[in-house]
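Residue-level listing of the chains:
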Amino acid sequence: MSDVYVIGAGIHPFGRHDGKTGLDLGVEATRLALKDGGIEWEDVQAAFGGSSASGNADAVLPRMGLTGIQFINVSNGCATGGSSVLSAYWAIKAGAFDTALAVGFDKHDRGSFNPDPVKYGLPQWYGETGLMLTTQFFAMKIQRYMHDYGISARALAGVAVKAFENGSRTPHAWRRTPMDVETVLNSRMISDPLTQYMFCSPSEGGVALILASEKKARELGRTQVKLRAAAIKTRPENSFEVFSPSLSVERGETPTVLAARAAFEKAGLGPEDIDIAQIQDTESGAEVMHMAENGFCRDGEQEQWIADGYTAIGGRFPINTDGGCIACGEPIGASGLRQVYENVLQLRGQADQRQVEGARLAYSQVYGAPGLSAVAILERG
Amino acid sequence: MRNELFVDDQGGRVRIIAGKKRGTGQIVFPLPQGVGEAEYERIELPPSGTLWTYTVQRIPPKNPPFVGINSPHQYQPFAVGYVRLGDEAMIEGRIAGDPASLQIGMPMDCVAISFPTADGAEMTTYAFAPANESSNS
């Protein structure tokens with residue numbers, strides 16, 4: 001099986017872009033990725049793409065050129081972007097194609113998502129009575145975690161402060177103004193213990209990545225970034241997941257724990273080998289818990305890590321170097337691809353003001369409803 | 001409610017109806033309906049338990065799917081949580097009363113509540129309430 005390389009990466013900045021459709025953002029990102037990869041659209045052999053609110057991702061085809069290319073629309077909740085990357089990875093790994101595009105874009109309405117219970121196999125009363133909100137789940141999961149492992153509200157605020165600091169250094173980020181701990185703590189309470197500035201917001205953006213086989217990457221002289229492993233896992237029994245009217249009394253492993261383990265096994269690496277990570281920070285609590293679920297620290301160690309700035313740029317283990325979802329917002333189809341895009345820039349040494357010196361192995365993880373996680377591990381070539 | 005979610009119990013409490021999977025004993029709520037429902041036995045969960053986790057829905061949920069009053073000036077925030085009912089299961093639901101009194105581990109009762117809907121009707125559902133609060137009412 002061929003090794004897989006990320007040869008091109010393009011992004012349309014995240015945020016709010018009046019006058020542009022979601023599709024526009026995806027097309028722009030695709031053009032940038034092609035240019036970055038030094039290939040023409042006609043050279044792309046397969047494509048995987050996703051959009052949640054902006055139609056079928058396959059709508060990029062008439063704009064890019066109807067070459068007859070295999071295009072598969074991907075839909076996997078907030079992990080859609082990670083799922084597109086994984087699909088492109090396997091298409092090349094299997095030897096079926098030498099080049100593949102993974103693209104994602106979205107343009108969401110303001111305010112929280114309002115999913116339809118029926119689409120998740122749930123009865124209507126679940127939504128009618130006011131339980132169909134991802135924000136409630138995130139709040140309840142971190143509330144229990146804080147109780148069990150002694151994480152403080154100040155640590156949650158610290159995650160957001162770091163996100164806005166990193167966002168201020170990132171051209172593609174949406175929220176680029178640094179904020180202090182008190183401002184985050186005193187902002188409007190949304191879902192206790194999470195305040196307004198601890199949450200990411202639905203936003204707009206587009207990302208495209210061009211993946212290639214080793215043969216093609218060498219031919220093009222673009223072997224700087226290798227995709228060492230990618231994995232997706234769905235929720236096992238006894239995991240506490242979003243949109244669950246009932247849970248078992250035993251708590252078990254989560255889809256993130258499983259996906260991390262699978263990706264590390266495939267790569268022949270462990271958490272201690274990783275230099276930087278982009279992990280799902282739907283809100284501050286998710287970043288805290290995902291630090292442990294991905295294996296980077298033990299449950300409860302986050303309090304000290306955050307207080308000591310370990311996860312900041314310049315710290316021992318930088319996390320969400322572009323400000324993550326908290327600073328970039330979340331266009332569902334593009335969000336997981338943004339993580340990989342950021343890691344590509346970091347490994348190439350092109351991250352400018354937010355560059356982490358000497359990063360060699362970069363990790364990304366995105367979580368999606370109703371309980372799945374997608375992990376990708378990149379290595380500097 | 002279209003499906004039976006709970007039955008009345010003594011002292012103003014209710015018992016939530018769940019499904020117990022034959023063979024494995026796994027408990028799921030609500031009681032599964034449709035394909036595969038024969039694999040589940042209908043059971044009534046204990047009418048009280050302890051609070052496992054909670055939050056407060058401070059901002060109005062969108063309609064749809066929420067049917068309660070969600071206009072910014074009239075919206076009443078409500079708490080939501082998981083209550084562990086015996087050794088059987090943890091059930092998610094709304095929590096009646098003042099959210100400020102909530103603490104993980106506190107005893108809770110299963111109760112029925114009604115709330116006004118945006119179209120002027122009422123919706124009844126199961127909920128939880130701190131144990132002393134529901135026995136006083």
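Below is a summary of the structure that appears in this document. (Residues numbered from 1 in each chain as written. Chains lettered and ligands numbered in written order. Predicted model: local features only at pLDDT ≥ 70, side-chain atom pairs only at ≥ 80, totals over all residues. Heavy atoms only, no water.)

## Side note on the overall build of chain B
Regarding its fold elements, chain B presents one helix and nine strands. Along the chain direction, N to C, the helices and strands of chain B fall in the order β-β-β-β-β-β-β-β-β-α. In terms of overall dimensions, chain B is globule-like: its C-alpha atoms have a radius of gyration of 16 Å, near the 14 Å expected for 137 residues. Each of the three principal axes of chain B carries a C-alpha extent, and together these read 50 × 35 × 25 Å. The contacts in chain B between residues at least 6 apart in sequence include a share of 52% that link residues at least 24 apart. When the accessible surface of chain B is summed, it comes to about 6,800 Å², and 47% of that surface belongs to carbon and sulfur atoms. For chain B, the separation between the mean place of its 11 positive charges and that of its 15 negative charges on side chains is 5 Å. (Helix = DSSP H or I, 4+ residues; strand = E, 2+ residues; numbered from the N terminus. Rg over C-alpha atoms; globule rule 2.2 N^0.38 Å. Contact = heavy atoms within 4.5 Å. Areas by Shrake-Rupley, 256 points an atom, 1.4 Å probe, with all protein chains shown as cover. Lys, Arg positive; Asp, Glu negative; His and termini not counted. Charge placed at Lys NZ, Arg CZ, Asp CG, Glu CD.)

## A short note on the nonpolar core
Counting 96 residues, the largest nonpolar core has Tyr 363 and Ile 377 of chain A together with Ile 16, Ile 91, Tyr 126 and Phe 128 of chain B as the members making the most contacts within it. Not counting residues within four places of it along the chain, the set of residues in contact with Tyr 126 of chain B comprises Trp 125 and Leu 131 of chain A together with Leu 5, Phe 6, Ile 16, Phe 29, Ile 91, Glu 92, Gly 93, Val 111, Ala 112 and Ile 113 of chain B. The next biggest cluster of nonpolar side chains, apart from the first, holds 39 residues, and it includes Val 85, Ala 173, Leu 227 and Ala 230 of chain A. (Core = buried A, V, L, I, M, F, W, Y, C linked by side-chain atoms within 4.5 Å. Buried < 20%, exposed > 50% of the residue type's maximum accessible area, 1.4 Å probe, protein only.)

## Side note on the packing of aromatic side chains
The geometry of an aromatic ring pair is captured by the separation of the ring centres together with the interplanar angle, meaning the angle of the planes. In total, this model carries 24 aromatic pairs over all chains according to the counting rule given. With 6.3 Å between their ring centres and 85° between their planes, Phe 164 of chain A and Tyr 197 of chain A make a pair best called edge-to-face. A residue pair is termed long-range when its members are at least 10 positions apart, and Phe 164 of chain A in helix α6 (residues 153-168) and Tyr 197 of chain A in the loop between β6 (194-195) and β7 (204-213) qualify at 33 residues. Take Phe 164 of chain A: its relative accessible area is 2%, and that puts it in the buried class. Looking at Tyr 197 of chain A, the relative accessible area reads 26%, which means it is partly exposed. One aromatic cluster in this structure is built from Phe 137, Phe 138, Phe 240 and Tyr 367 of chain A together with Trp 52 and Tyr 82 of chain B. Taking the ring centre of Trp 305 of chain A as reference, the NZ or CZ of Arg 316 of chain A above it sits at 5.5 Å. (Phe/Tyr/Trp six-rings, centres within 6.5 Å; stacked < 30°, edge-to-face > 60°. Lys NZ or Arg CZ within 6 Å of the ring centre and 35° of its normal.)

## Brief notes about the pairing of strand β4 (residues 99-107) of chain A
Residue and element names in this part refer to chain A. Counting buried residues along β4, eight of its nine residues qualify, which places the element largely inside the surrounding structure. Sheet topology places strand β2 (residues 46-50) next to β4; five bridges connect them, and they run parallel. Bridge assignment links Ala 47 to a residue of β4, and that residue is Leu 101. Note that β4 and β7 share nine bridges and pair antiparallel. Bridge assignment links Leu 101 to a residue of β7, and that residue is Ile 210. (Pairing = 2+ DSSP bridges.)

## Observations regarding the pairing of strand β8 (residues 225-234) of chain A
Residues and elements named next belong to chain A. As paired strands, strand β1 (residues 4-15) and β8 are joined by two bridges and run antiparallel to one another. Paired with Val 4 across the strands is Leu 227, a residue of β8. Relative to strand β12 (residues 372-380), β8 is paired through nine bridges, and the arrangement is antiparallel. The partner of Ala 231 across the bridge, within β12, is Val 375.

## Description of the sheet that holds β2 of chain A
Residues and elements named next belong to chain A. Across the sheet, nine strands lie side by side as β3-β2-β4-β7-β1-β8-β12-β11-β10; this open sheet has mixed pairing. Across the chains shown, the open sheet's two edge strands, defined by having one partner strand only, are β3 (70-73) and β10 (276-279). On average, adjacent strands in this sheet sit at an angle of 20° to one another, irrespective of strand direction. (Axes fitted to C-alpha atoms, helices over the stretch in contact; angles between N-to-C directions.)

## Some details on the environment of Thr 254 of chain A
Residue and element names in this part refer to chain A. Assignment of secondary structure puts Thr 254 in the loop between β9 (246-247) and α9 (255-267). Take Thr 254: its relative accessible area is 11%, and that puts it in the buried class. Sequence separation between Thr 254 and Phe 240 is 14 residues, and the spatial gap between their C-alpha atoms is 7.4 Å. Setting aside residues no more than four positions away along its own chain, Thr 254 makes contact with Pro 236, Ser 239 and Glu 293.

## Describing helix α5 (residues 134-149) of chain A
Residue and element names in this part refer to chain A. Between its terminal C-alpha atoms α5 stretches 22 Å, which fits the 22 Å expected from 16 residues at 1.5 Å a residue. In terms of burial, α5 is largely enclosed, as 13 of its 16 residues are buried. Phi for Gly 150, located one or two positions after α5, is positive at around 70°. (Expected span 1.5 Å × (residues − 1).)

## Brief notes about α9 of chain A
All names here are of chain A. Helix length check: α9, at 13 residues, gives a terminal C-alpha distance of 18 Å against a target of 18 Å (1.5 Å per residue), a fit within 8%. Within the span of α9, buried status applies to Pro 255, Thr 256, Leu 258, Ala 259, Ala 260, Ala 262, Ala 263, Phe 264 and Ala 267. Elements that come into contact with the buried residues of α9 comprise β8, α10 (284-293), β11 (361-368) and β12. Of the residues one or two after α9, Gly 268 is the one with positive phi, at around 70°.

## Here we look at the packing of α5 of chain A against α10 of chain A
Residues and elements named next belong to chain A. α10 packs onto α5 with a crossing angle of 60° between their chain directions and a minimal axis gap of 9 Å. On the basis of their axis angle, the class for α5 and α10 is oblique. Both α5 and α10 take part in a crossing whose hand is left-handed. On α10, the residues that touch Lys 141, Ile 142 and Tyr 145 of α5 are Gly 285, Val 288, Met 289, Ala 292 and Glu 293. Its residues placed into classes, the contact of α5 with α10 shows five nonpolar, one polar and two charged. (Parallel < 35°, antiparallel > 145°, perpendicular 65-115°, else oblique. Left-handed = near helix turned anticlockwise from the far one by under 90°. Nonpolar A, V, L, I, M, F, W, Y, C, P; charged D, E, K, R; others polar.)

## So, the interface of chain A and chain B
With 39 residues of chain A in contact, the opposing surface of chain B contributes 42 residues. Both sides of the chain A and chain B interface together cover about 3,300 Å² of buried area, and 59% of this is carbon and sulfur. Applying the counting criterion to the chain A and chain B interface returns one salt bridge. A salt bridge links Asp 192 of chain A to Arg 58 of chain B; the shortest N-O distance between them is 2.7 Å. Applying the counting rule to chain A against chain B returns 22 residue pairs in polar contact (both at pLDDT 80 or more). The set of elements that each furnish at least two residues to the side of chain A that touches chain B consists of α4 (124-128), α5, β5 (189-191) and β9 of chain A. In terms of residue class, the side of chain A that touches chain B is made up of 16 nonpolar, 15 polar and eight charged. Sheet topology places β9 of chain A next to strand β7 (residues 89-95) of chain B; two bridges connect them, and they run antiparallel. Looking across to β7 of chain B, one finds that Ser 246 of chain A is bridged to Ile 91 of chain B. (Buried area = accessible area lost by both parts, 1.4 Å probe. Salt bridge = Lys/Arg side-chain N within 4 Å of Asp/Glu carboxyl O. Polar contact = N/O pair within 3.5 Å; in protein donor to acceptor, adjacent residues only side chain to side chain.)

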